[in-house]
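# Descriptive structure summary
For reference, the chains in residue letters:
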Amino acid sequence: MRWMHTTEKLLWKMILMVVLCFQFYHSSGELSRHELIHQLIDESHYDPLIAPNYEDDFPTNISVQMLIKNIHSLDELHMDFSVDIIFRQRWTDKRLKFNHSTVRVLELDQKMIERIWVPDSFFPQEKRAEIHDVTVPNRLLHIYRNGTVFYSMRIEMTLSCAMALQNYPLDRQVCPVSIESYSYTRENIDFYWERHNPVLIPSISLPQFTMPDTVKTSACSTEYGEVGDFACLLVELQFDRNTGYYIAQIFIPSILIVILSWVSFWVDIDAIPARVSLGVLTVLTMTTQSSGARSALPRVSYIKAIDVWMAVCLTFVFMALLEFAYINVVSRRNSKPIRTASQCDKALNKGTSPSPMMPILRHIDFIKRARQVDKVARVVFPLIFFLFNIGFWVFYLSINTDNKF
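Note that this is a predicted model, so its numbers are computed, not measured.

Our focus in this paragraph is the side chain of His-142. Counting through the fold element by element, His-142 comes out in strand β6 (residues 139-144). In this structure, His-142 is in contact with Val-105, Leu-106, Glu-107, Thr-148, Val-149 and Phe-150, ignoring residues within four places of it in sequence.

So, in structure tokens, the structure goes:
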């Protein structure tokens with residue numbers, strides 16, 4: 001009986017040793033990460049030149065996510081902006097499925113990425129672009145067990161943006177950024193945005209603009225005639241211009257120059273050098289400021305808000321100068337007394353007395369008229385300029401927000 005019990009214990013120990021040896025052999029028989037990668041991308045069954053679902057009747061769905069790291073500048077003169085992004089794409093390649101007990105994801109080296117098929121995405125608005133290569137090209141590619149491929153790269157681009165400057169500098173700009181496939185039509189590749197946070201924008205500080213927390217994303221389709229229909233994605237980046245700089249550097253100085261031109265209405269009409277100097281000075285200053293405000297803008301065919309403002313301010317200072325020219329001419333009428341016989345004859349023919357006091361009295365009357373014009377100008381000029389300001393700010397800040405005019 002004892003012998004049978006001992007034999008049974010030995011039998012169980014042998015079975016346990018066999019199971020342990022089998023598990024050890026099975027675990028030791030799994031491929032290493034290096035061997036697994038080479039097995040997946042072996043040229044005998046994997047061709048990186050062919051799309052994953054090229055032989056199927058459905059396209060390869062490419063999920064896209066964009067992380068905007070920084071926006072360097074937005075240039076109105078060249079109508080472009082520079083942006084630094086991390087461009088992420090995700091798709092499923094059934095040829096890259098693998099089974100492994102410990103390996104969940106394979107991280108490929110930079111040189112190994114060239115042996116994996118990746119989408120041929122491009123940005124149609126791109127002027128210049130480069131992939132960061134410090135200290136190595138900033139690209140990564142991960143392969144998961146179910147064949148999902150995650151591909152990410154860091155790109156610095158200069159993109160064109162057709163800006164509408166009708167409201168400049170009280171404007172907001174919307175710059176579209178589209179992503180398309182260059183060689184594969186919708187039959188082979190289709191793009192769609194990530195469901196959660198398709199475009200990530202951290203807190204970005206721009207000197208002249210602010211950006212909203214959310215952006216508008218959408219899917220689109222682009223058809224190139226006989227070439228075919230290509231899938232594309234669209235994101236609209238909105239830039240709201242900060243007006244503080246322009247109010248301090250353009251609007252307030254121009255308002256002060258216009259007010260300075262009104263000082264001549266309080267200067268005596270006999271102080272001709274003072275009034276002429278004041279009028280010419282304000283006109284030249286307004287012209288110089290107008291040229292400087294428009295120097296950083298492209299030569300567009302439509303009228304901008306800054307053009308309207310500068311033109312009206314220049315008109316006000318110029319009209320103040322013309323007002324003095326008018327009252328100067330009026331005040332000098334009949335300023336010379338009748339001294340010659342011919343002047344007496346003319347006065348007699350007109351039925352007037354040749355007394356030298358009559359021209360002097362008329363001259364005094366014209367001086368009173370000129371001074372009355374100054375008094376009217378002191379009220380009319382500020383009133384019209386005030387009404388213009390109300391109309392200007394209401395129109396460009398509330399009515400013409402969509403740049404229709």
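Moving on: the confidence of the model for the protein. Low pLDDT marks stretches whose predicted atomic positions should not be read closely. Per-residue pLDDT for the protein averages 82, and the proportion of residues at 70 or more is 82%. Predicted confidence is poor over residues 24-28, with pLDDT under 50, and the contacts of this stretch with residues over four places away or in other chains come to zero contacts.

What follows deals with the packing of aromatic side chains. A full pass over the atoms with the stated rule returns 26 aromatic pairs. Consider the rings of Tyr-245 and Tyr-246, whose centres lie 5.2 Å apart with planes at 85°: the pair is edge-to-face. Judged by relative accessible area, Tyr-245 falls into the exposed class, the value being 52%. The buried category is assigned to Tyr-246, whose relative accessible area is 4%.

On to the pattern of salt bridges, then. Counted by the stated rule, this structure contains 15 salt bridges. Linking Glu-114 and Arg-139 is a salt bridge whose minimum nitrogen-to-oxygen distance equals 2.5 Å. On the criterion of sequence distance, the pair formed by Glu-114 in the loop between β3 (105-107) and β4 (121-122) and Arg-139 in strand β6 is long-range, its members being 25 residues apart. Look at Glu-114 and you get exposed, because its relative accessible area is 55%. Sharing partners across several salt bridges, the network here consists of Glu-76, Asp-171 and Arg-241.

On to the nonpolar core. Phe-81, Ile-85, Leu-106, Phe-123 and Phe-239 are the most contacted members of the largest nonpolar core, which totals 84 residues. Looking at this core element by element, the count peaks at ten residues for helix α5 (residues 305-331). Once residues lying within four places of it in the same chain are set aside, the contact partners of Leu-106 are Arg-33, Leu-36, Ile-37, Leu-40, Phe-98, Leu-141, His-142 and Ile-143. Grouped together as the second largest cluster of nonpolar side chains are five residues, Ile-269, Phe-324, Ile-327 and Val-330 included.

At a minimum axis separation of 9 Å, helix α3 (residues 244-261) and helix α4 (residues 272-294) run at an interaxial angle of 165°. On the basis of the axis angle, α3 is roughly antiparallel to α4. You can see that α3 and α4 cross each other, and the crossing is left-handed. Where α3 approaches α4, its residues Gln-249, Ile-250, Pro-253, Ser-254, Ile-257, Leu-260 and Ser-261 are matched on the opposing element by Leu-278, Thr-282, Thr-285, Met-286, Gln-289 and Ala-293. Split into classes, the residues belonging to the contact of α3 with α4 amount to seven nonpolar, six polar and no charged.

This paragraph deals with the environment of Ile-306. Following the sequence through the fold, Ile-306 ends up in helix α5. Placed 138 residues apart in sequence, Ile-306 and Tyr-168 show a C-alpha to C-alpha distance of 6.2 Å. The contact partners of Ile-306, leaving out residues within four places of it in the chain, are Tyr-168, Pro-169, Ile-250, Ala-293, Arg-294 and Leu-297.

Here the focus is the side chain of Asp-171. Along the chain, the position of Asp-171 falls in the loop between β7 (148-160) and β8 (172-181). Residue class for Asp-171 comes out buried when judged on its relative accessible area of 4%. Within the local environment of Asp-171, its side chain forms a polar contact with the side chain of Gln-173, the two groups lying 2.5 Å apart. Of the polar contacts made by the side chain of Asp-171, one reaches the side chain of Arg-241; its length is 2.5 Å. When near neighbours in sequence (up to four residues on either side) are disregarded, Asp-171 contacts Ala-164, Leu-165, Asp-240 and Arg-241.

Topologically, Phe-123 is positioned in the loop between β4 and β5 (126-131). For Phe-123, a relative accessible area of 8% gives the class buried. If we ignore the near neighbours within four places in the chain, the residues touching Phe-123 are Ile-85, Phe-87, Ile-155, Met-157, Leu-159, Val-177, Ser-178 and Ile-179.

Look at α4: 33 Å from first C-alpha to last across 23 residues, which is about the 33 Å you get at 1.5 Å a residue. Restricting attention to buried positions, one finds in α4 the residues Arg-275, Leu-278, Gly-279, Thr-282, Val-283, Met-286, Gln-289, Ser-290 and Ala-293.

What follows deals with the environment of Phe-324. Assignment of secondary structure puts Phe-324 in helix α5. Sequence separation between Phe-324 and Ile-269 is 55 residues, and the spatial gap between their C-alpha atoms is 7.8 Å. With sequence-adjacent residues up to four places away left out, Phe-324 is seen in contact with Ile-269, Ile-272, Arg-275 and Val-276.

Our focus in this paragraph is the packing of α3 against α5. Packing of α3 against α5 leaves a shortest axis separation of 8 Å and a crossing angle of 15°. As the angle between them shows, α3 and α5 are arranged roughly parallel. The two elements α3 and α5 meet at a crossing, and its hand is left-handed. Across from Ile-250, Phe-251, Ser-254, Ile-255, Ile-257, Val-258 and Ser-261 in α3, the residues of α5 making contact are Ile-306, Trp-309, Met-310, Cys-313, Phe-316, Val-317 and Ala-320. The residue inventory of the contact of α3 with α5, partitioned by class, reads twelve nonpolar, two polar and no charged.

The rules we used
- Throughout, residues of each chain are indexed from 1 in the direction in which the sequence is written.
- pLDDT decides what is reported in this predicted model: residues at 70 or higher carry local features, side-chain atom pairs at 80 or more are listed and counted, and totals for whole chains, interfaces and linings draw on all residues regardless.
- Side-chain descriptors were evaluated using all non-hydrogen atoms of the structure, hydrogens and water having been removed beforehand.
- Put simply, DSSP H or I for four residues or longer makes a helix, DSSP E for two residues or longer makes a strand, and each gets a number counted from the N terminus.
- Should any heavy atoms of two residues lie within 4.5 Å, those residues are counted as being in contact.
- Per residue, pLDDT measures the predictor's confidence, with a range of 0 to 100.
- Here a pair means two rings of Phe, Tyr or Trp (six-membered ring of Trp) with centres within 6.5 Å. Their orientation is stacked below 30 degrees between planes, edge-to-face above 60, and tilted elsewhere.
- Exposure classes here rest on a 1.4 Å probe applied to the protein chains alone. A residue is buried below 20% of its type maximum, exposed above 50%, and partly exposed in between.
- One side-chain nitrogen of Lys or Arg within 4 Å of one carboxyl oxygen of Asp or Glu is enough to make a salt bridge.
- As used here, the term nonpolar core means buried Ala, Val, Leu, Ile, Met, Phe, Trp, Tyr and Cys residues forming a set that is joined through side-chain atoms within 4.5 Å.
- Geometry is summarised by axes, namely lines fitted to C-alpha atoms with helices restricted to the contacting stretch, and by angles between N-to-C directions that run from 0 to 180 degrees.
- Orientation labels follow simple angle bins: below 35 degrees gives roughly parallel, above 145 gives roughly antiparallel, 65 to 115 gives roughly perpendicular, and whatever is left gives oblique.
- It is the rotation of the near helix from the far one that decides the hand of a crossing: anticlockwise by less than a right angle makes it left-handed, clockwise makes it right-handed.
- Here the term charged refers only to Asp, Glu, Lys and Arg, the term nonpolar to Ala, Val, Leu, Ile, Met, Phe, Trp, Tyr, Cys and Pro, and the term polar to all other amino acids, Gly among them.
- Polar contacts, as counted here, are pairs of nitrogen or oxygen atoms within 3.5 Å of one another; within protein the pair requires one atom able to donate a hydrogen and one able to accept it, and residues that are adjacent in sequence qualify only if both atoms are side-chain atoms.
- Helix span, expected: 1.5 Å multiplied by one less than the number of residues in the helix.

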